[in-house]
Amino acid sequence: EVQLNFQQLPEHGKLLLGASNMEIDTEAAVSASLLQNGMIQYQHDNSETRNDSFVVIASFQDSKTSKPLRVDIKVNPVNDESPLSINIRTLHVWLAHEKTLTSSDLLYTDKDTIPGNVRFILQDDSTLGKFISRRAGTGDEIKEFSQQDINDNDVVFVGNNRTGKNELLYRVTDGVEAHRQLRVLRVRVRQLSMSAVPNTPVRVEAGGRAPLSTLIVNLSRVDGDSSFVNDVVFTVLQRNASLRYGHLEMTGQHVSQFSYLDLVESRVLYVQSGEDQWPPNDMLLVSANATPEVLGVPVVRVQVLISYPAENGSLLHANE
């Protein structure tokens, strides 16, 4: 009689023998007739797995042995759990900007469901903007999207030029199971702010002129973007302490306003008046303004160091 020996057992289940449900191990020799009569069964361990296998060898009268045969088992999944939340974070959006919803903001997993079938259904309308599909390209609001859409960076929040906070209720489902309790997606829209800090002073000889460079000020924005500096415009503040001993020029003309790009090109000159034999140091007060969505107009106080020739031919500074 042909005997069966199970050289490798299933990883995600077990083999049972007959009505007794006795578990088969690698030491057992089982009659092939039991297999033919349907008396050997595979029992899955109920894990979230879809494939399993075992290896069997057939022998006859201890003299003839077959080659090992691998038997593959396909496990039909049973949708028996709702999606599990991994990331639920506040979506931070800058005013007048778009923000892509990523898996770092919202992520659910489901071992028996592909990401495309894990779907989010918004229950509320946002007062601060709307979600759109980048792939669709229509700009129309969407109230439902999948985890795969999020993974593909397809879901984008577009603000409506209002700042504030929203708590949007949503339901997550895998098509069969759904969370009974509504979840909250928080959206916060803030206005960008800019800072301007004085850096290197302007150095000029009495009666001379010196270009202003980008080194006179450090500009930064809270979102870390540096490209905005090309939009910054500086305005000279007409106060008693500002430009007492000189003025600013561009192309031979007095100016009270200039751009960051003018500094890049060294087009702005500080011109010392030369009216005083021993001029003290001067100071330049300017306000820095950028695009309308950037909050705040910081004031920068730039020091102007004036030097003049000494008797020995060297240069003296006003504070020496």
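Residues numbered from 1 in each chain as written. Predicted model: local features only at pLDDT ≥ 70, side-chain atom pairs only at ≥ 80, totals over all residues. Heavy atoms only, no water.

**Structural notes on the sheet that holds strand E3 (residues 22-23)**
Logical step 1: Sheet architecture is open: three strands sit in the order E3-E2-E5, paired in antiparallel fashion. Where the open sheet ends on each side, the last strands, each with one partner, are E3 and strand E5 (40-44).
Logical step 2: Of the strand pairs in this sheet, strand E2 (residues 13-17) and E3 are connected by two bridges, and their pairing is antiparallel. Bridge assignment links Leu17 to a residue of E3, and that residue is Met22. (Pairing = 2+ DSSP bridges. Helix = DSSP H or I, 4+ residues; strand = E, 2+ residues; numbered from the N terminus.)

**A look at the pairing of strand E30 (residues 299-309)**
Logical step 1: When strand E20 (residues 202-205) meets E30, the two strands line up parallel, connected through four bridges. Bridge pairing links Val204 to Ile306 in E30.
Logical step 2: One ladder, built from six bridges, connects strand E28 (residues 282-289) with E30; its direction is antiparallel. From the neighbouring strand, Met283 faces E30, where its bridge partner is Gln303.

**Side note on the packing of aromatic side chains**
Logical step 1: Inspection of every chain in the model, using the stated rule, returns eight aromatic pairs.
Logical step 2: Geometrically, the ring pair formed by Phe120 and Phe145 is tilted, given 5.8 Å between the ring centres and 35 degrees between the ring planes. You can see Phe120 sitting in strand E13 (residues 119-122) and its partner Phe145 sitting in strand E15 (residues 144-146), a full 25 residues away along the chain. This pair shows no difference in class: Phe120 is buried, exactly as Phe145 is.
Logical step 3: The interplanar angle of 70 degrees and the centroid separation of 5.2 Å between the aromatic rings of Phe131 and Phe157 together place this pair among those described as edge-to-face. Of this pair, Phe131 sits in strand E14 (residues 129-133) while Phe157 sits in strand E16 (residues 155-159), placing them 26 residues apart in sequence. (Phe/Tyr/Trp six-rings, centres within 6.5 Å; stacked < 30°, edge-to-face > 60°. Buried < 20%, exposed > 50% of the residue type's maximum accessible area, 1.4 Å probe, protein only.)

**What about the pattern of salt bridges?**
Logical step 1: Inspection of every chain in the model, using the stated rule, returns ten salt bridges.
Logical step 2: Residue Glu249 pairs with Arg209 through a salt bridge whose shortest N-O separation is 3.4 Å. You can see Glu249 sitting in strand E24 (residues 246-250) and its partner Arg209 sitting in strand E21 (residues 209-211), a full 40 residues away along the chain.
Logical step 3: Here Arg209 falls in the partly exposed class, since its relative accessible area comes to 49%.
Logical step 4: The salt bridge involving Asp262 is made with Arg267; its shortest N-O contact spans 2.6 Å.
Logical step 5: Taking relative accessible area as the criterion, Arg267 reaches 39% and is therefore assigned partly exposed.
Logical step 6: Salt bridges linked by common partners bring Arg135, Asp149, Asp152 and Asp154 together as one network. (Salt bridge = Lys/Arg side-chain N within 4 Å of Asp/Glu carboxyl O.)

**Examining the sheet that holds strand E17 (residues 164-173)**
Hydrogen bonds along the backbone pair up the strands of a sheet, which may run parallel or antiparallel.
Logical step 1: Pairing is mixed across the open sheet formed by five strands, whose spatial order is E10-E18-E17-E13-E15. Since the sheet does not close on itself, it has two edges, and those belong to strand E10 (91-94) and E15, each with one partner. When the angles between neighbouring strand axes are averaged without regard to direction, this sheet yields 30 degrees.
Logical step 2: Where E10 and strand E18 (residues 183-190) come together, four bridges link them in parallel fashion. Across the sheet, residue Val93 finds its bridge partner in E18, namely Val189. (Axes fitted to C-alpha atoms, helices over the stretch in contact; angles between N-to-C directions.)

**Remarks on the confidence of the model for the protein chain**
Logical step 1: Within the protein chain, residue pLDDT values average 86, and 92% of them lie at 70 or more.
Logical step 2: Of all the helices and strands in the protein chain, strand E31 (residues 315-317) carries the lowest mean pLDDT, 60, while helix H2 (residues 147-151) carries the highest, 97. (pLDDT = per-residue confidence, 0-100.)

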